[in-house]
Amino acid sequence: MASPALSLADATFAYRRATPAVHGLTAELPPGAALALIGPNGAGKSTLLKGILGLVPLTGGALTVLGSTDAASTRPSIGYVPQSGSLDPDFPVSARQVVMMGRYRRMGWFRWASPADRRAVDAALETVGLTRLARAPFGRLSGGQQQRILLARALVSEPRILLLDEPFNGLDATNRKALLATIDRLKSDGVAVVVSTHDLELARTSCEYSLLLHGEQIAFGPTPEVLSLDNLERVNAELVDPHDGH
Amino acid sequence: MYDVLVAPFALPFMQRPLLVLLVLGVAAGVIGVFVSLRSLEFVSDGLVHAVFPGLVIGFVAGGRDALLPGALAAAVVAAVVLTLISRRGIGSDSAIAVVFTALFGLGVVLVSQQEDYAGQLQELLFGRLLTVTTTDVLVASAASAAALLAVGLTAKEQLFRAFDEQGARAAGYRTLGIDLVLAVAIAVLVVIASSAVGNLLALGLILIPGAAARLMTGRLWLLFPLAIAVAVLPGWLGLALSYTLSIDLGAPVAAGGTVAVVLVALYLALLAVTAVRRRRA
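Just so we're clear, the structure is a prediction, and the values are computed from it rather than from any experiment.

Draft legend 1. The side chain of Thr 74 of chain A, seen in detail. Residue and element names in this part refer to chain A. Here Thr 74 shows up in helix H2 (residues 71–74). A residue is classified by how much of its surface remains accessible, and Thr 74, at 6% relative accessible area, is buried. The residues contacting Thr 74, other than those within four sequence positions of it, are Val 65 and Ser 68.

What follows is the structure in structure tokens.
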């Protein structure tokens, strides 16, 4: 097996040292494969994604991203798609301008978009199927379209790892299909994909590996093994709890 | 029309303030857009208060010529402190309010130790637009250009950070540096605006152009020329108007105040037009 894109060894992430948000994580993801993070709300899925980016401190164990333990240095090689609805809808940017932001880091300081940058943005818009809405204000797009634009923003940075935080929340069938197709294409290009989701069906169809968590690791491994009835029952109460809004 | 809008500027004492307001307007327009995008209105208010003791200390220590350097030094320190406080998040508004009310009070205490207390306080609070010297013009131009350059060179990073801080950090940016550049640029602008139209009116010159531009367009790159226009036009019109009122009509009015009134009037007019357009749409 090629060296893993991502590896966790008894990793703990915490906003404040005294109260770990999620702990005991041991997992490995090769390039070109997808990992589903499954657990109820507050289980630590988003925290783990931010931890991989180095935005939430690693307070125990080890995290290795693309062979490096220095999270700050690997960040530019990671694409990150936040949960939709977290951005100001009145912010005066077009969809295309949002996608272009994904190129800024490669352009470097004091430089502006080159023809190559513009071509990459056009290609990413094409990939997510939103070329015709490129000039529309970002805030006017539907939640699913905003999500696809943020995915395009992650794609133009040509990441080797892609992190998606609840990308299927509120997506209609069309957007869902488009996103699944994009994930499959990235995987065949050798990109490692990590998706947090409540959606077991998605995990079964698109993700080779699953990590079941609830403040700590419940199970990790190939998806069919992890999503066993036994394991699911251990987090089941929360996954179907009507009070968590899902 | 020519007599009112152009003729007064044949006089050197009218040319210097016009120049100051033009360079200030260009910088305030561009930087004001980022203030609006980042919702830094309250932080800007904090800076306006913090600059005041700097103006006074500079004045006390070195007289009129030390006023600007003193204030610039205070502003840069205040910008760094403010940025660090506001990044702590929760409770930062009260912290800003306490720190800068205290500093403003310190400024008043210091200036009250001076002879001719009332006259100096008035000049610091309300500006001294018509008595600016050639040196003032040069300092204002250099400082405005530096602030503009710093923000202009980091414009795409400022934009990314304003739109999506977490995304910017995830992309590998250290946002503290980006924040410091903008805060120091605002602080420098506050100083230049304070010395021109006065400490009390400086805030309007920094906040209104950006806010007005956002009323007029949702297109990012159009915001900048529009904000510059909103910042520059009242400088010119206000000066011309105050000259005509004071000299031709015998009703002396403060130039800085007139500029501010024209600026606010322009904003209100744009607000009204926007309201009508939205109702029709």
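Draft legend 2. A nonpolar patch on the surface, seen in detail. Together, Trp 109 and Phe 110 of chain A together with Leu 149 and Leu 153 of chain B give the surface a local cluster of nonpolar side chains, amounting to about 430 Å² of exposed area. One can find Leu 149 of chain B in helix H7 (residues 134–153).

Draft legend 3. Representation of the packing of aromatic side chains. With the rule as written, the count across this model stands at 11 aromatic pairs over all chains. An angle of 85° between the planes, with centres 5.8 Å apart, marks the rings of Trp 109 of chain A and Tyr 173 of chain B as edge-to-face. With Trp 109 of chain A in the loop between helix H3 (95–107) and helix H4 (115–127) and Tyr 173 of chain B in the loop between helix H9 (165–170) and helix H10 (175–197), this pair bridges two chains. Classification of Trp 109 of chain A by relative accessible area gives partly exposed; the value is 38%. According to the relative accessible area criterion, Tyr 173 of chain B is buried, its value standing at 3%. Among the aromatic residues, ring-to-ring pairing joins Tyr 104, Trp 109 and Phe 110 of chain A together with Phe 160 and Tyr 173 of chain B into one connected group.

Draft legend 4. Local environment of the interface of chain B and chain A. Each partner contributes to the interface: chain B provides 27 residues, whereas chain A provides 28 residues. Summed over both sides, the interface between chain B and chain A buries roughly 2,600 Å², with carbon and sulfur atoms accounting for 65% of that surface. Of all residues in chain B, the largest losses of buried area upon contact with chain A belong to Lys 156, Phe 163 and Ala 170 of chain B, amounting jointly to 30% of the total for that side. At the boundary of chain B and chain A, one finds 1 salt bridge. Between the two partners, chain B and chain A, sit 9 residue pairs in polar contact (both at pLDDT 80 or more). Elements that contribute at least two residues to the side of chain B that touches chain A include exactly H7, helix H8 (155–163), H9 and helix H12 (220–248) of chain B.

Reading the values: rules and limits
Residues numbered from 1 in each chain as written. Chains lettered and ligands numbered in written order. Predicted model: local features only at pLDDT ≥ 70, side-chain atom pairs only at ≥ 80, totals over all residues. Heavy atoms only, no water. Helix = DSSP H or I, 4+ residues; strand = E, 2+ residues; numbered from the N terminus. Buried < 20%, exposed > 50% of the residue type's maximum accessible area, 1.4 Å probe, protein only. Contact = heavy atoms within 4.5 Å. Patch = residues over 30% accessible without salt bridge, like charges linked within 9 Å, V, L, I, M, F, W, Y side chains within 5 Å. Areas by Shrake-Rupley, 256 points an atom, 1.4 Å probe, with all protein chains shown as cover. Salt bridge = Lys/Arg side-chain N within 4 Å of Asp/Glu carboxyl O. Phe/Tyr/Trp six-rings, centres within 6.5 Å; stacked < 30°, edge-to-face > 60°. Buried area = accessible area lost by both parts, 1.4 Å probe. Polar contact = N/O pair within 3.5 Å; in protein donor to acceptor, adjacent residues only side chain to side chain.

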